[in-house]
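Chain by chain, the residues:
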There are 2 protein chains.
Amino acid sequence: MTETRRRSGGRAARQAARMHAHVERVPFLTRTLAPLAVLSEGGLATLEGNAERILSEVGVEFHDAPDALERFAGAGADVKGERVRFPHGLCRSLVQATAPEQFTQVARNRANDVVFGGQGTIFAPAYGSPFVRDLDDGRRYGTIEDFRNFVRLANASPWLHHSGGTVCEPVDLPVNKRHYDMVAAHLILGDKPFMGSVTHPQRARDTVDMARIVFGADVVEQNTVVFSLINANSPLVWDSTMLGAAQAYAEANQAVMMTPFILAGAMSPATVAATAAQTLAESLAGMAYVQLVRPGAPVVLGSFASSMSMQSGAPTFGTPEPALVLYAMAALARRLGVPFRSGGALTAAKIPDAQAAYESANTMQPTMLGGTNFVLHAAGWLEGGLTMGYEKFVLDADQLGMWHSFARGVDLSENGQALDAFLTNEPGTHFLGHPHTLANFETAFYRSPVADNSSFEQWESEGANDAAQRANAQWKRALAEYEPPPLDDAIREELDEWIEQRKASFPDSDV
Amino acid sequence: MTETRRRSGGRAARQAARMHAHVERVPFLTRTLAPLAVLSEGGLATLEGNAERILSEVGVEFHDAPDALERFAGAGADVKGERVRFPHGLCRSLVQATAPEQFTQVARNRANDVVFGGQGTIFAPAYGSPFVRDLDDGRRYGTIEDFRNFVRLANASPWLHHSGGTVCEPVDLPVNKRHYDMVAAHLILGDKPFMGSVTHPQRARDTVDMARIVFGADVVEQNTVVFSLINANSPLVWDSTMLGAAQAYAEANQAVMMTPFILAGAMSPATVAATAAQTLAESLAGMAYVQLVRPGAPVVLGSFASSMSMQSGAPTFGTPEPALVLYAMAALARRLGVPFRSGGALTAAKIPDAQAAYESANTMQPTMLGGTNFVLHAAGWLEGGLTMGYEKFVLDADQLGMWHSFARGVDLSENGQALDAFLTNEPGTHFLGHPHTLANFETAFYRSPVADNSSFEQWESEGANDAAQRANAQWKRALAEYEPPPLDDAIREELDEWIEQRKASFPDSDV
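The structure displayed is predicted, hence computed values, not measured ones.

## Description of the relation of the copies chain A and chain B
The two copies are related by a screw operation: chain A maps onto chain B through 180° of rotation and 0.0 Å of translation along the axis, at an RMSD of 0.0 Å. One copy is carried onto the other by what is essentially a two-fold rotation axis. Ranked by how close their C-alpha atoms come to the rotation axis, the residues of chain A are headed by Ala354 of chain A, at 2.2 Å.

Structure representation (structure tokens):
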């Protein structure tokens, strides 16, 4: 298998060279700044204590999951019916005993491997929307072609480190088989790390099987090549579908993020401190389960918390309260010692307007300044996750590019301090023609490909376009120019045949 | 004078009651979180050392300012022609010896007094644009009626603590007399603190005279009632117009912010560390001058740094490099011990689109998380400051409201922790009807008046408006409902007569 995975040269090599020419490779971002603290260590300890009280006094329910109940009882938890109450510190010690603080997800192109944990931050596209939107055709159900387009866009962008998972729902395919085409798109059209199916334990196993064909079974056994999103059913419930998928991945030593999805005020009490304590409790229970299934299997503490309109019940994004939850959760994950997932370019806006950008920025800032290791929904998200936007994707990816510059911090090298420039330039004389400026102008400032910085007159003469209109031209060009990375013909053939056989082995269904 | 400034009751009292009914009063924002550090104390000391080398080895020029040259020579600086070289530490020690760490600007309504320094943050509207824009009439030159409208909007918003200064240029009035109507608008139409004229020393003195009529001469002598923006002519030049205005204000014990306005790459070397060191050097020289004019006169360290397109030379906003400068400058001001001004809702976008919001958020985040005391341009700014936007003002003010919630941090009270809510709620049961939620839902989450959080279908049925269209309706309603705060008739009469006499005493001119 290893043999056949080598590049065959010729066409593939030429393709690789072309890719290299126009795609800057940035495998993941390394933050250099200390995170912003919104709580003291004492305050964080209070939240940890509250999480333990929730786990021990209220407990967590595991629905239709006899395996989980049995494992937890064996580990010393108090199991009554489907309710599991955890002695103080049990989940925490299970996680800290065996869960890795850092792990690597291997990509088909090893130059794209990503490291979860520490100062690393990995950007992945938005996930799970049934609809897509662009300026030309408006809002519509997503198709497998839309799915493939977003895989292409994520792989073409230097600022996304991950191909993502359900970049949109391909609703033109049957529910019980669409994961074959989704995973195949990630494996064939891109070469960045990707996410697996979680809608049924068998689909998780299918994902791992497909990865084995492409990566080699030995590589999959010894490495994390699939990373998947497992959501709790808040408050304080894990259900069998998601747990079953988590179990399947853990058994194959693949990584999962155990993520409560909390609309605060509905699925948790309507305060920041309560939402954070509950998130920690739920994720701890999920991560402990994974460690019982396979000690050492990589897990990520996930948090997705939105505020809500207490008038209409609608989720709201970019508000101050979820930002505070995010900062708190990032600190709690660091204290626990596992990688942290949260944030993204979240918004309730239907279109990529000022609301969308303000809300997205208000989420991405705590995402980055709090210190998040994996950022799902980093590009494309609209309408509370119901819609994946082509223009929004381009605008968000540009922001991700800026974060790469910001994360480097202040350059205090001799060139950065530029004292010689001052000493050789008279007051009142501009620095535009100074040798220091000429030596630095190419890289001095982040260049946005979508921001319009020209004069009003020039902007007007060019059509008075807004940011979304400029983004529209860019995703079209990116798709037109995209060439998938090389994949050995034999592997491609094996994968296609395997999928064909699997699809033919049982009838289509929309559940 | 004090006597006549009392409210006369009757109509004024009724007005006051009505104002109170619909304007929540938030005199200024108090941050509770420690600022984000982008540099170690050692890194900051390096920048301070570089500023001292710039001041001592290169020096600063003071153009057409014999008074400044004389004062600096007397203080021990090396003066050659208009160039002043400062012995290491001279400016710093002059500032630290007498400049206050905190000071209060008194407002006409004392409930609106603002404190500069410490954990306080004061939001003021954008400043200085010749153009205005709204969705109905597009972009056009500003008039005095536009000016008055933005004063009304700033005074009507609970989230702006300051009436601002040149909220737009009233280009329909002669240049040499428009300051009378501008200052009068701040004094008559609003009762929040305001900024004075700086385009000529005499106009600064006129501003103080008008304040004396409205506040009383004794109040002005003993308090800061005018705050003004003094810009350096970077690199390393202060000119006579601005310095003369600073001198006039300092002599009257009124506050000024000494602000280098730096387009990095043109007016400073194209790096973060160099731009910060130069800003510190220029502002130190300016603040030292103010302290020589009147020891103890309140001064603010100002920083305005933008990146630029190294292709076109156009200023760019919301990029990572100016954000880093802002964080660094805020820390340097704290180490120096003077209040700090920077930031705002800055953007190069021509319209309030996604670019505008992303760039504005990318500037407001470091503004707030770095710890800024006075935020000019906090609402309305478009097109690099060339245009004041009505819709942008509304969208930005909404963001300022969110910062008030964020700045309070995480509530760890018993109600905030909500442990009782957890202990009385079963797993799988929503919290929507829980007594804790019912007790908190009114105040749990910031409510945006312009964000649309409704379903796609409802949003579409309501016209599929973008954020700017929703903001359009809001500024119109705010202006329609606005009632100016009460002002004693005798004061108003005295002010009007004084202005009339001054205007009649010299011919109109457009310089």
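Okay, back to it.
## Re the confidence of the model for chain A
Residue and element names in this part refer to chain A. With 95% of its residues at a pLDDT of 70 or more, chain A has an overall mean of 94. For the stretch residues 1-23, pLDDT sits under 50, and the model shows 28 contacts to residues farther than four places along the chain or on other chains. Reported confidence for the predicted complex is 0.94 by ipTM and 0.95 by pTM.

## Things to note about unusual backbone geometry
Cis geometry marks the peptide bond from Ser234 of chain A to Pro235 of chain A, where omega comes out at 5°. Backbone geometry places Asn253 of chain B, a non-glycine residue, at a positive phi of 65°. Along the chain, Asn253 of chain B turns up in the loop between helix H9 (240-251) and strand E13 (255-259).

## Quick word on the environment of Ala277 of chain B
Residues and elements named next belong to chain B. Along the chain, Ala277 turns up in helix H10 (residues 272-293). Here Ala277 falls in the buried class, since its relative accessible area comes to 1%. On a C-alpha basis, the gap between Ala277 and Pro298 in space is 22 Å, while along the polypeptide they are 21 residues apart. Excluding residues that lie within four positions of it along the chain, Ala277 makes contacts with Leu47, Asn50, Ala51 and Ile54.

## Some details on the pattern of salt bridges
Residues and elements named next belong to chain A. Following the criterion strictly, the structure yields 52 salt bridges over all chains and no others. With its nearest N and O atoms 3.2 Å apart, the salt bridge here joins Arg140 to Asp134. Among the residues examined, Asp134 registers a relative accessible area of 4% and is labelled buried. Its salt-bridge partner being Arg492, residue Asp496 comes within 3.1 Å of it at the nearest N-O pair. Highlighted residues: Asp496 and Arg492, both in helix H19 (residues 489-504), separated by four residues, approximately one helical turn. Judged by relative accessible area, which is 37%, Arg492 ranks as partly exposed. What emerges from the salt-bridge pattern is a single network uniting Glu145, Arg148, Arg152, Asp181 and Lys503.

## Things to note about the pairing of strand E7 (residues 120-123) of chain B
All names here are of chain B. A two-sided burial pattern is seen for E7, the buried positions comprising Gly120 and Ile122 on one face and Thr121 and Phe123 on the other. As judged from the two bridges shared by strand E1 (residues 29-30) and E7, these two strands associate in the antiparallel manner. Residue pairing for E7: Leu29 is matched across the bridge by Thr121. Judged from the two bridges that link them, E7 and strand E19 (residues 374-375) form a sheet pairing that is parallel. Residue pairing in the sheet places Ile122 in a bridge with Phe374 of E19.

## What to know about the pairing of strand E11 (residues 226-231) of chain B
Residues and elements named next belong to chain B. With respect to burial, E11 is a largely interior element, five of its six residues being buried. When strand E10 (residues 194-195) meets E11, the two strands line up parallel, connected through two bridges. Its bridge partner being in E11, Phe194 is matched across the sheet by Val226. Relative to E13, E11 runs parallel, the two being bridged by five bridges.

Basis of the calculations
Residues numbered from 1 in each chain as written. Chains lettered and ligands numbered in written order. Predicted model: local features only at pLDDT ≥ 70, side-chain atom pairs only at ≥ 80, totals over all residues. Heavy atoms only, no water. Least-squares fit on C-alpha atoms with pLDDT ≥ 70 in both. pLDDT = per-residue confidence, 0-100. Contact = heavy atoms within 4.5 Å. Helix = DSSP H or I, 4+ residues; strand = E, 2+ residues; numbered from the N terminus. Buried < 20%, exposed > 50% of the residue type's maximum accessible area, 1.4 Å probe, protein only. Salt bridge = Lys/Arg side-chain N within 4 Å of Asp/Glu carboxyl O. Pairing = 2+ DSSP bridges.

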